[in-house]
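Reading the structure
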Amino acid sequence: MINEPRRPADTHREPDALGVLAAFLTAAREAVIAKATGVTEDQGRTPGVDSGTSLYGLIQHLAAAETYWFEVVLLGTDRPVDLGMDVPATATGPDLIADYQTAAARSDANIAAAGDPLALSTGTKQPPRTLQWIVAHMIQETARHAGHADILRENIDGTTGHKLRP
């Protein structure tokens, strides 16, 4: 099983809706990271499907999505965000994973700072959204890409499920 700070199965212990949502988002993030960990640079960069999607491309995209939704949309931060999956030649897998973890940590801090699931976003790139809507959207986005990562990793080396970490 993946070593997660809080597993979705344990969310019944969370005292509030935002805690439940955050636990599911954390688990989805960890699933994506686990799938991209332990592959070679070539394996992580090589598209596994006709659309051109690669494990490292997914990681890069999700890091940008965290920034977009929890900084640009939620807080109204004015910064360009590239949601593409074309990984620069200079980026390494460990760097991409670290960037994703950093973006996720910033997102978690922004969630905690907002505190109220009904807090409205202040950015102008989207209509006003509640914090709970943004977190739920990111759970959906991350979980969908975790499924993509499952398929990509299985095609690389046959690894399936959560067998990547002790």
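Going by the structure above, here's the rest.
Residues numbered from 1 in each chain as written. Predicted model: local features only at pLDDT ≥ 70, side-chain atom pairs only at ≥ 80, totals over all residues. Heavy atoms only, no water.

1. Digging into helix α1 (residues 17-36)
With 20 residues, α1 should reach 28 Å at 1.5 Å per residue; the first-to-last C-alpha distance of 29 Å fits that figure. The buried fraction of α1 amounts to 17 of the 20 residues, a majority that puts the element mostly inside the structure. Of the residues flanking the end of α1, it is Gly-38, one or two places downstream, whose phi is positive at about 90 degrees. (Helix = DSSP H or I, 4+ residues; strand = E, 2+ residues; numbered from the N terminus. Expected span 1.5 Å × (residues − 1). Buried < 20%, exposed > 50% of the residue type's maximum accessible area, 1.4 Å probe, protein only.)

2. Focus on the layout of surface pockets
Its boundaries defined by the atoms lining it, the largest pocket holds a volume of some 210 Å³. Of all the secondary structure elements, the ones that give two or more residues to the lining of the largest pocket are α3 (55-75) and α4 (93-114). The element best represented in the lining of the largest pocket is α4, accounting for five residues. Its residues placed into classes, the lining of the largest pocket shows seven nonpolar, two polar and four charged. (1 Å grid on protein atoms, 1.4 Å probe; cavity = no way out; pocket = protein on both sides within 12 Å on 5 of 7 lines; lining within 4 Å. Points joined across faces, edges and corners; volume = space filled by probe spheres on them. Nonpolar A, V, L, I, M, F, W, Y, C, P; charged D, E, K, R; others polar.)

3. Some details on the packing of α1 against α3
Two elements in contact, α1 and α3, have axes whose closest approach is 9 Å; the angle formed by their N-to-C orientations is 155 degrees. Compared by their axis directions, α1 and α3 come out roughly antiparallel. As α1 packs across α3, the resulting crossing turns out to be left-handed. Contacts between α1 and α3 involve Leu-25, Arg-29, Val-32, Ile-33, Lys-35 and Ala-36 from the first element and Leu-55, Tyr-56, Ile-59, Leu-62, Glu-66 and Phe-70 from the second. (Axes fitted to C-alpha atoms, helices over the stretch in contact; angles between N-to-C directions. Parallel < 35°, antiparallel > 145°, perpendicular 65-115°, else oblique. Left-handed = near helix turned anticlockwise from the far one by under 90°. Contact = heavy atoms within 4.5 Å.)

4. Topic: the packing of α1 against α4
Where α1 contacts α4, the axes come no closer than 11 Å and their chain directions differ by 180 degrees. Between α1 and α4, the angle falls in the class roughly antiparallel. Residues Leu-18, Leu-25, Arg-29, Val-32, Ile-33 and Ala-36 of α1 pack against Ile-97, Tyr-100, Gln-101, Ala-104, Ser-107, Asp-108 and Ile-111 of α4. Considered class by class, the residues forming the contact of α1 with α4 number nine nonpolar, two polar and two charged.

5. With respect to α3
Between its first and last C-alpha atoms α3 spans 29 Å; for 21 residues at 1.5 Å apiece the expected length is 30 Å, and the two agree. Along α3, the helix axis deviates most sharply at Tyr-68, where the bend reaches about 30 degrees. Burial of α3 is extensive: 20 of the 21 residues sit out of reach of the surface. Count one or two residues on from α3 and you reach Gly-76, which has phi positive near 80 degrees. (Bend = angle between axes of the 7 residues up to and from the residue.)

6. Overview of the environment of Ala-143
With respect to the secondary-structure elements, Ala-143 resides in helix α5 (residues 131-157). Residue classification places Ala-143 among the partly exposed residues on the basis of a relative accessible area of 39%. As a C-alpha pair, Ala-143 and Val-32 span 111 residues in sequence and 8.1 Å in three-dimensional space.

Keep in mind that these numbers describe shape and distance, not what the molecule does.
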